[in-house]
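Report on the structure
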Amino acid sequence: MTEEVPTSETARRASAAMQSARTAFDGWSGIDPTERSACIERMRRKIVLDRDEIVRTICAEAGKTRAEALSSDVLPTLEMLRYLERETARILEPRKAKTPLVFGRASSRVEYRPRGVVVVIAPWNNPFQLSLVPAAFALAAGNTVVLKPSPLARKTAALVGRLCQDAGLAQDALQVEDGGAETALALIAEQPDLVFFTGGPAGGRAVLEAAARHLIPVILELGGKDPMIVLADADLERVEQAAVYGAFTHAGQHCVSTKRLLVEKPIYGTLLDRIANLTRSLTETGEWGRVVDERAMAAAAEQVREAVADGARLVVPDDLDRAGAEPTLVSDCSPSMRLVQEETFAPVLAVLPFETDAEAVEMANDSPFGLNASVWSGDAARADDVVGRLRTGNACVNNVLINIGNPHLPFGGVKASGFGRYHGPEGLRAFCVETSVLASRSRRRTEPNWFPHDDNMAEMTDELIELRYGEMSRWQRLTGWIRVGRKLTRRGKNL
Ligand code: NAD
């Protein structure tokens, strides 16, 4: 961790960054969305050219293997940028809305306008993607951005800043403000127009509290305890590979890493043996990466020790002292264990048996978190039925993790996993103020609902309610409309 600069200096720097971002907003927000998309395209091209340096930096700071950095940090970022290039102008087009007859002759629309300055607070675990993608969504929508990266990923964040410059992004439209929690809070005190936070529940709560003081909207992308539900009719060869990948790639340090393996009883023993063998081989290769945060590793080890003391079985590794520091498989867990309930930001997979689909759903939902989930079955209808009953922000059928990378799907959590969305059209519009406009085409001097609010107006409105919502025949409704229409015209003439 880097040392924090004194409070007054932190506040001064935060204030200067926010001021520059506000100034830059005037220019950047006025640019046509297609020009903003062209800038995103230049960023994307530059990433492809600079990807060796980007990957080296990610690997050094986030403990990833080259394959993991390329496949789950760089590639998804490129997919998201290309999505923004192609879709921004269309998604931000004003949307026509209906205008019910009682509102008179008028047209209605929704406009998607930039919010202003967005503070993006990023974690270390996917330092490139989780800094650049929210920033790019904010920029594409016409906002300017102050990025507060993790102190563990300053070099990656510096590359993001350089990339924006090289792509010709307007001066100060994206600034990187290094520092820890104090810097994040100093930026929020400057009253940005939106805070986009990705990180753990404790930081999320602190950010939400700070933003609440100024009534600033917040999008929170927090932790998870993702379940993988394996039904007995699933393809077990695929399942064993998926479970080991989902739980242990990047040493289990994805927010959407698989953490709870729920297995239908008839295949429980067989599947556990197969996954145990695969886990042992993976440990030897080192392809799973390394645990970066020592406190998270210690917390995971403690959760495993406690679970084993309460009756769970440590399957891999052989030695309890290595649990949490390398791929760890713990079977026969029970739902109330801390290992099953709390976030574990390390390579640990807890395994639990279930008997019925209903029990699997109940176990999966018995969690403070609701980020991602996967359901495995050879029967698509059965899998969909289980997915439909999960309290989760996102879900996959017969695959793991991959859904977070689909730019067309909005992403975000429920419960303690956060709220708000990014990715997809909903995710781009989340960075906008939705301004609703009703434009009247009436040439009348006055409107029926304006003053005077006399008995005549009350009766007319009463009749209107009866006509629109009362029970009557079609003939009664038709004649009623003619009667009310005449009254309205007479009232208009008399006023
Ligand atoms: P973290 O919460 O420690 O830090 C994230 C960011 O918040 C950093 O920039 C940090 O400096 C800042 N921060 C931390 N405490 C703060 C506070 N009290 N006030 C203001 N700012 C604060 O998280 P991390 O260790 O960097 O990342 C791991 C966590 O992030 C895990 O819980 C993981 O599940 C979560 N995560 C979630 C998603 C998602 O999309 N939902 C994605 C990646 C990571």
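Keep in mind that this is a model prediction, so the values were computed, not measured. Numbering of residues starts from 1 in each chain and follows the order in which that chain's sequence is written. The model is predicted, so local features are restricted to residues of pLDDT at least 70 and side-chain atom pairs to those at 80 or more, both for listing and for counting; the totals for chains, interfaces and linings are taken over all residues. Only hydrogens and water are removed before side-chain values are computed, so all heavy atoms of the structure are retained for them.

1. Looking at the site of the ligand
As a reminder of what qualifies: By convention in these notes, a residue is near a molecule or strand provided one of its non-hydrogen atoms lies within 4 Å of it. As used in this structure description, the phrase polar contact means that two N or O atoms lie within 3.5 Å; if the pair is within protein, one of them must be able to donate a hydrogen and the other to accept it, and residues adjacent in sequence are counted only when both atoms belong to side chains. All accessible-area figures derive from a Shrake-Rupley calculation using a 1.4 Å probe, and residue coverage is judged against the displayed protein chains alone. Using a 1 Å grid laid over the protein atoms alone, points where a 1.4 Å probe fits but cannot get out form a cavity; open sets with protein on both sides within 12 Å along at least 5 of 7 lines form a pocket; any residue with an atom within 4 Å of a point counts as lining. Assignment to a cavity or pocket requires that more than half of a molecule's atoms be within 2 Å of the site's grid points.
Neighbouring the ligand are 29 residues; Ala122, Lys148, Gly200, Leu222 and Glu343 lie closest to it. At a separation of 2.7 Å, a nitrogen atom of the ligand approaches a polar backbone atom of leucine 222. Between the ligand and glutamate 343 there is a distance of 2.6 Å, counted from an oxygen atom to a side-chain nitrogen or oxygen. Relative to its unbound accessible area of 850 Å², the ligand is 86% covered by the protein chains. Most atoms of the ligand, that is more than half of them, are within 2 Å of grid points of the largest pocket.

2. Focus on the layout of surface pockets
Inclusion rule: Grid points are joined across faces, edges and corners, and a volume is the space filled by probe spheres set on the points. Each helix corresponds to a stretch of at least 4 residues labelled H or I by DSSP, and each strand to a stretch of at least 2 residues labelled E; elements are numbered beginning at the N terminus. Charged means Asp, Glu, Lys or Arg here, nonpolar means Ala, Val, Leu, Ile, Met, Phe, Trp, Tyr, Cys or Pro, and polar covers whatever is left, Gly included.
Taken as a whole, the largest pocket encloses approximately 1200 Å³ of empty space. Lining of the largest pocket is provided by 45 residues; of these, Trp124, Gly199, Gly200, Gly203 and Asp293 occupy positions nearest its centre. Counting only elements with at least two residues in the lining of the largest pocket, the list comes to α7 (181-189), β6 (194-198), α8 (201-212) and α11 (294-309). In terms of residue count, the dominant contributor to the lining of the largest pocket is α11 (six residues). For the lining of the largest pocket, a count of residues per class yields 27 nonpolar, 11 polar and seven charged. By volume, the second largest pocket is sized at about 680 Å³. Lining of the second largest pocket is provided by 23 residues; of these, Leu101, Val102, Gly104, Pro448 and Leu488 occupy positions nearest its centre. Those elements that provide at least two residues to the lining of the second largest pocket are β18 (432-440), α16 (455-469) and α17 (474-494). When its residues are assigned to classes, the lining of the second largest pocket shows 12 nonpolar, six polar and five charged.

3. Observations concerning helix α2 (residues 33-49)
The criterion, for reference: Here the expected span of a helix is defined as 1.5 Å times the quantity of residues minus one. To sort residues, take the accessible area from a 1.4 Å probe on protein chains only and compare it with the maximum for the residue type: under 20% means buried, over 50% means exposed, and anything in between is partly exposed. The directions considered for the arc are those from the helix axis to the C-beta atoms. Contacts are residue-level and defined by heavy atoms, with any inter-residue pair within 4.5 Å sufficient.
With 17 residues, α2 extends 25 Å from end C-alpha to end C-alpha; this agrees with the ideal 24 Å at 1.5 Å per step. Every buried residue of α2 is accounted for by Arg36, Ser37, Cys39, Ile40, Met43, Arg44 and Ile47. Looking straight down α2, one finds its buried side chains confined to an arc of 155 degrees; they lie on one side. Turned more than 90 degrees away from the buried face of α2 sit Glu35 and Leu49, all of them exposed. Here the buried face of α2 lies against α1 (7-28), α3 (51-62), α4 (66-91), α5 (129-140) and α6 (154-166).

4. Considerations on unusual backbone geometry
Of note, the amide linkage connecting valine 316 to proline 317 takes the cis form, showing an omega dihedral of 0 degrees. Of note, the bond from phenylalanine 451 into proline 452 is cis; its omega dihedral lies within 30 degrees of zero at 5 degrees. If you trace the backbone, proline 452 turns up in the loop between β18 and α16. Positive phi is not limited to glycine here, since aspartate 172 has a value of about 65 degrees. Along the chain, aspartate 172 turns up in the loop between α6 and β5 (174-176). Among the residues examined, aspartate 172 registers a relative accessible area of 27% and is labelled partly exposed.

5. Notes on the sheet that holds strand β17 (residues 418-419)
Put simply, the rule is: Any two strands are treated as partners once DSSP identifies two or more bridges connecting them. Lines fitted to C-alpha atoms define the axes here, with helix axes fitted over just the stretch in contact, and angles between the N-to-C directions of these axes take values from 0 to 180 degrees.
Across the sheet, six strands lie side by side as β5-β4-β3-β6-β7-β17; this open sheet has mixed pairing. In the strand order of this sheet, the two ends are held by β5 and β17, each with one partner. Examined bridge by bridge, strand β4 (residues 144-148) and β5 share three bridges and lie parallel to one another. From the neighbouring strand, valine 145 faces β5, where its bridge partner is leucine 174. Together, β3 (117-121), β6, β7 (218-221) and β17 form the strand contacts of α8, whose direction differs from that of β7 by roughly 175 degrees.

6. A closer look at α17
Three or four residues apart is the spacing at which side chains of an α-helix point the same way, because the helix has 3.6 residues per turn. For α17, built from 21 residues, the straight-helix expectation of 30 Å at 1.5 Å per residue is met to within 8% by its first-to-last C-alpha distance of 30 Å. For α17, the complete set of buried residues consists of Gly480, Val484 and Arg491. Axial view of α17: buried residues confined to an arc of 30 degrees, hence all on one face. Opposite the packed face of α17, turned more than 90 degrees from it, sit the exposed residues Arg474, Trp475, Arg486 and Lys493.

7. Examining a negative patch on the surface
Threshold: Patches here are clusters of residues that have more than 30% relative accessible area and form no salt bridge, with a 9 Å joining cutoff for like charges and a 5 Å cutoff for nonpolar side chains (Val, Leu, Ile, Met, Phe, Trp, Tyr). Think of a salt bridge as a Lys or Arg side-chain nitrogen and an Asp or Glu carboxyl oxygen that are within 4 Å of each other. Working convention for charge: Lys and Arg count positive, Asp and Glu count negative, and His plus the chain ends are omitted. Every charge is mapped to an atom, namely NZ of Lys, CZ of Arg, CG of Asp or CD of Glu.
Judged by side-chain charge, Asp455, Glu459, Asp462, Glu466 and Glu471 come together as a negatively charged surface patch. As for its position among the elements, aspartate 455 is in helix α16. Overall, the relative accessible area of 61% leaves aspartate 455 in the exposed class.

8. What to know about the packing of aromatic side chains
Definition in use: Stacked, tilted and edge-to-face are the three classes assigned to paired rings of Phe, Tyr and Trp, where Trp is represented by its six-membered ring and a pair needs centres within 6.5 Å; plane angles under 30 degrees give stacked, over 60 edge-to-face, the rest tilted. We count a charge as sitting over a ring when the NZ of a lysine or the CZ of an arginine lies within 6 Å of the ring centre and within 35 degrees of the ring normal.
Per the stated rule, a full pass over the model turns up four aromatic pairs. Through a chain of ring-to-ring contacts, three or more aromatic side chains come together here, namely Phe137, Phe196, Tyr422 and Phe431. Directly above the aromatic system of tyrosine 112 lies the positively charged group of arginine 429, at a separation of 4.6 Å from the ring centroid.

9. A word on the packing of α4 against α5
Formally: Note on angle classes: values under 35 degrees are labelled roughly parallel, values over 145 roughly antiparallel, values of 65 to 115 roughly perpendicular, and the remainder oblique.
Contact geometry of α4 with α5 gives a least axis separation of 9 Å together with a crossing angle of 5 degrees. In terms of their interaxial angle, α4 and α5 are classed as roughly parallel. Facing α4, whose interface residues are Ser72, Asp73, Pro76, Thr77, Met80, Leu81, Tyr83, Leu84 and Thr88, α5 presents Gln129, Leu132, Val133, Ala136, Phe137 and Ala140.

10. Overview of the nonpolar core
Our working rule: Take the buried Ala, Val, Leu, Ile, Met, Phe, Trp, Tyr and Cys residues and link them wherever side-chain atoms come within 4.5 Å; each set so joined is a nonpolar core.
Ranked by internal contacts, the top residues of the largest apolar core, which has 93 residues, are Ile47, Met228, Val230, Leu261, Leu329 and Phe431. The biggest single contributor to this core is α5, with nine residues. Those residues within four positions of leucine 261 in sequence are excluded, and the remaining contacts are Met228, Val230, Ala243, Ile275, Leu349, Ala350, Val351 and Leu352. One finds Val304, Leu314, Cys333 and Leu352 within the second-largest nonpolar core, a separate group that totals 28 residues.

11. Some remarks on the sheet that holds strand β8 (residues 226-230)
The seven strands are arranged β10-β11-β12-β9-β8-β14-β15 in an open sheet whose pairing can be described as mixed. With one partner strand each, in any of the chains shown, β10 (313-316) and β15 (396-397) form the two edges of the open sheet. By the bridge criterion, five bridges tie β8 to strand β9 (residues 258-264) in an arrangement that is parallel. Across the sheet, aspartate 226 pairs through a bridge with threonine 258, a residue of β9.

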